[in-house]
Each structure stands twice: as structure tokens, then as C-alpha cells.
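# Structural features, examined
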Amino acid sequence: WRKATESIQSHFNKNWLQTEYNTAVLRAEQAADWRHFEDNKEDFPCLKWMPTSSATPREQHKAFWDMGLTLPVDDKFWDKHHPGDLWNCKCYLEPTTSEPTPKKRIPKEKDAPKPAKGLESNPGKKAEMYSRNHPYFPKSCKHCPFHDSKSTNNTMFRKFKNNDDTPICMECPYSDGCDSVIKKYAEKKDRDKKTHFSKEEWGVRKAFLRSLKDENKIHDWAEKELISTKDSSGNPTKQIIITTKDSYQVIVRPHVFTETLGKCTPKDIQETFKILCEVKKWLRDAELVAVEDGRHHNYQYNVYRANYKGKEIIAKSKPTDGNILYCVRILD
């Protein structure tokens, strides 16, 4: 391996890593400078692009310092163009009271020099060293080395994504590879293995769910027990609201059957279904006993306990579109 990489060792290990280090230092200093610009913009409302201190200056930013580009601190130009948006760039900004450069003299976006990949963001305004386009960051959680794409842990990464589905690595606790996170993953995998059902057990559950659907049992129960209304988005739904013993209002909708019967063991399916159909009789006597963090969701579940017909029942609700009953199970 050493022989195979000899031809690039001096370029990558020395030159390129030194460039990365220098750029990181320069951008950190520019971020600190930006705070001063913000704090003092009443006295020095504009910033002037100053020439590089490099012995061998590049051409990309030359147009900016040649014209003495001067713009207000709050100008949106600084969002996309600023010293430090090229590797090893040694240009800098100087606060000034001079008049801003006329708009017609500022290069149009298509003619302006493009920032280097990963250095697009202004470190002072974004408070980040590198942008999401830097090769340091994976394109998605599927490409993250700490992400097991074959595992159900996929869903744990959802809350660390932007609206465009790109990961927010700086906030993700799984990407640092620390021992506690790895241990937590290992424990969860062991726990999941213990709760997974065999093919035969899945077959029993699916057959029962099909029978409920074929015989319209859930539909008939909903027609009889629930009230037609609309959810917070204005979509039609059926539900009832039950007030528990300690005054918590819980919304019951048909979806609770799907979640419950998808989680209980095959031997408990029949009995759990009967308990659910009689939810009005026992949920009003339930007490809140705990609040749990969701394993796969970024919200907490309310956990209620009730006794009914000699059975101890655990019910969970989740605060999505109200405090909705999520699932029910019978304790052994």
C-alpha cells in the first residue's frame, strides 16, 4: 500500500492537508471578525474587500479588490461571496464608513467567481466551517459510515435531516462514533432480536388482521362507537375523546387497532382485540404512570395503566394531532 501511494503522498499528506488546515484557521478568524462587524455596524456600516496577502495571488477575487468593492454589512452579497470561499484564500474584509459600491458596478451572479465546493457558506453568518457540499459530509444518511442501512435504526436518523433530506451531521449524535452511542446501538439490536417474531407468528398476525378487514369488524365497531368529525387538517375522521382518571383527554381513532395488533404477540391477539373494543369501559379509569421517549420518533409517549376484568392493561398515547391513543397491550 505504501508503495502504491508514494506518488501522491507528498501532494495529499503534506500539501493538501496543510491547505485544509490553513483554510480552517482562516475561516475561523473570519467568523470571529464577522461578530465584530455585526457589533460595530452602526459606526462602520460597510465592509470593503481588501487584497490578498498571498505572495502569489489568484485571479478569482482580483475583480473585487481592484474595484474596492464596498457593501453594507447586511448586504445579501456576503451570503454568497466573501473572503475564505476559496482554498487558502488570504483576502480579508475591512470595516469602513465609505459609500457602498454602486450596484451596476458589482459583477452579476453569473460573472462572479464561484466559491469552492464546501466553502460556499459565510462562516460568520452560518456559524459553520464547511458547507453541506463538502466531501466530508455524506450525501445522505444511507452513505454515513455510522448508519446501518439494513437496520430498523434507519428511522432514528430522520430527525437529523434537513427539509431536502440531507443529513445534519453537526447535530447527529450517531456520527461521532463514541462508545456510548455504539453501546446503545448494540443494546437496541439485541432488544429488537428478542422481540422479533418468527415467520409462523407473522403469518398468524397477518391472517387475523385480514379476517378483521374481511369481516369489517373494525369498520363496524368504528361506526357504532366513534363519532364522525374532522382532524386538525380538516380531513374527515372518526374518533371519541375519553377523559382518564387523572383528567387527561385521550383521542381514540380506528388506527389504534393497526398499531396494537401489529405489536402484540399472536397468543394475545384475540384477547387484545376484545379489550380494545371495550376501550370506553377501562380507559376512563386509567392513570398516567410514565412518559417515554420514542425510539423512532422525535416525541414522547404518555403511558397509562388500567385494570379491567382481572387484566392489567398498558396503553400509550402520542401527541401528534392531539393526544391520540397509539397502542394497547396486556401485561403478562
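Residues numbered from 1 in each chain as written. Predicted model: local features only at pLDDT ≥ 70, side-chain atom pairs only at ≥ 80, totals over all residues. Heavy atoms only, no water.

### Thoughts on the overall build of the protein chain
- The helix and strand inventory of the protein chain stands at ten helices and ten strands.
- Here the contacts in the protein chain between residues at least 6 apart in sequence split such that 60% fall between residues at least 24 apart.
- Surface summary for the protein chain: the accessible area is close to 20,900 Å², and the carbon and sulfur share equals 51%. (Helix = DSSP H or I, 4+ residues; strand = E, 2+ residues; numbered from the N terminus. Contact = heavy atoms within 4.5 Å. Areas by Shrake-Rupley, 256 points an atom, 1.4 Å probe, with all protein chains shown as cover.)

### A word on the sheet that holds strand β1 (residues 46-50)
- Read across the open sheet, the three strands follow the order β2-β1-β3; overall the sheet is antiparallel. Whereas interior strands pair on both sides, the edge strands pair on one side only; in this sheet they are β2 (70-72) and β3 (92-96). For this sheet, the mean inter-axis angle between neighbouring strands, taken without regard to orientation, is 35 degrees.
- Bridge count for β1 against β3 is five bridges, and the pairing is antiparallel. By the bridge assignment for β3, Lys-48 is matched with Glu-94. (Pairing = 2+ DSSP bridges. Axes fitted to C-alpha atoms, helices over the stretch in contact; angles between N-to-C directions.)

### Focus on the nonpolar core
- Formed by 27 residues in total, the largest nonpolar core has its most connected members in Val-252, Val-279, Trp-282, Leu-283, Leu-325 and Val-328.
- Looking at which element gives the most residues to this core, the answer is helix α9 (residues 269-277), with four residues.
- Sequence-distant contacts of Val-279, defined by excluding residues within four places in its chain, comprise Trp-221, Ile-242, Val-252 and Leu-325. (Core = buried A, V, L, I, M, F, W, Y, C linked by side-chain atoms within 4.5 Å. Buried < 20%, exposed > 50% of the residue type's maximum accessible area, 1.4 Å probe, protein only.)

### Some thoughts on the pattern of salt bridges
- Going through the model one piece at a time under the given rule, you end up with eleven salt bridges.
- Glu-225 is the partner of Lys-280 in a salt bridge, and the nearest nitrogen-oxygen pair spans 3.0 Å. Remark: Glu-225 occurs in helix α7 (residues 217-225) and Lys-280 occurs in helix α10 (residues 279-282); sequence separation between them is 55 residues.
- Across the pair Glu-278 and Lys-309 runs a salt bridge, and its minimum N-O distance is 3.3 Å. With Glu-278 in the loop between α9 and α10 and Lys-309 in the loop between β8 (300-308) and β9 (311-320), this residue pair connects regions lying 31 residues apart in the sequence.
- On the basis of relative accessibility, which here comes to 61%, the residue Lys-309 falls in the exposed class. (Salt bridge = Lys/Arg side-chain N within 4 Å of Asp/Glu carboxyl O.)

### Here's the deal with the pairing of strand β5 (residues 236-243)
- Sheet analysis places strand β4 (residues 227-230) next to β5, joined by four bridges and oriented antiparallel. Bridging across to β5, Thr-229 finds its partner in Thr-237.
- Counting the residues in the hairpin turn of β4 and β5 gives five residues, including Gly-234, whose phi is positive at 90 degrees.
- In terms of strand pairing, β5 meets strand β6 (residues 249-252) through four bridges, oriented antiparallel.

### Points about the environment of Asn-88
- Mapped onto the elements, Asn-88 comes out in the loop between α3 (77-80) and β3.
- Note on Asn-88: relative accessible area 23%, which makes it partly exposed.
- In this structure the C-alpha to C-alpha distance between Asn-88 and Leu-26, which are 62 residues apart in sequence, comes to 7.7 Å.
- For Asn-88, the contacting residues outside a window of four places in its chain are Thr-19, Asn-22, Thr-23, Leu-26 and Arg-58.

### Comments concerning α9
- Looking at α9, one finds that the buried residues are Ile-269, Thr-272, Phe-273, Ile-275 and Leu-276. Considered in projection along α9, the buried side chains sweep an arc of 160 degrees and stay on one side of the axis. (Arc of directions from axis to C-beta.)

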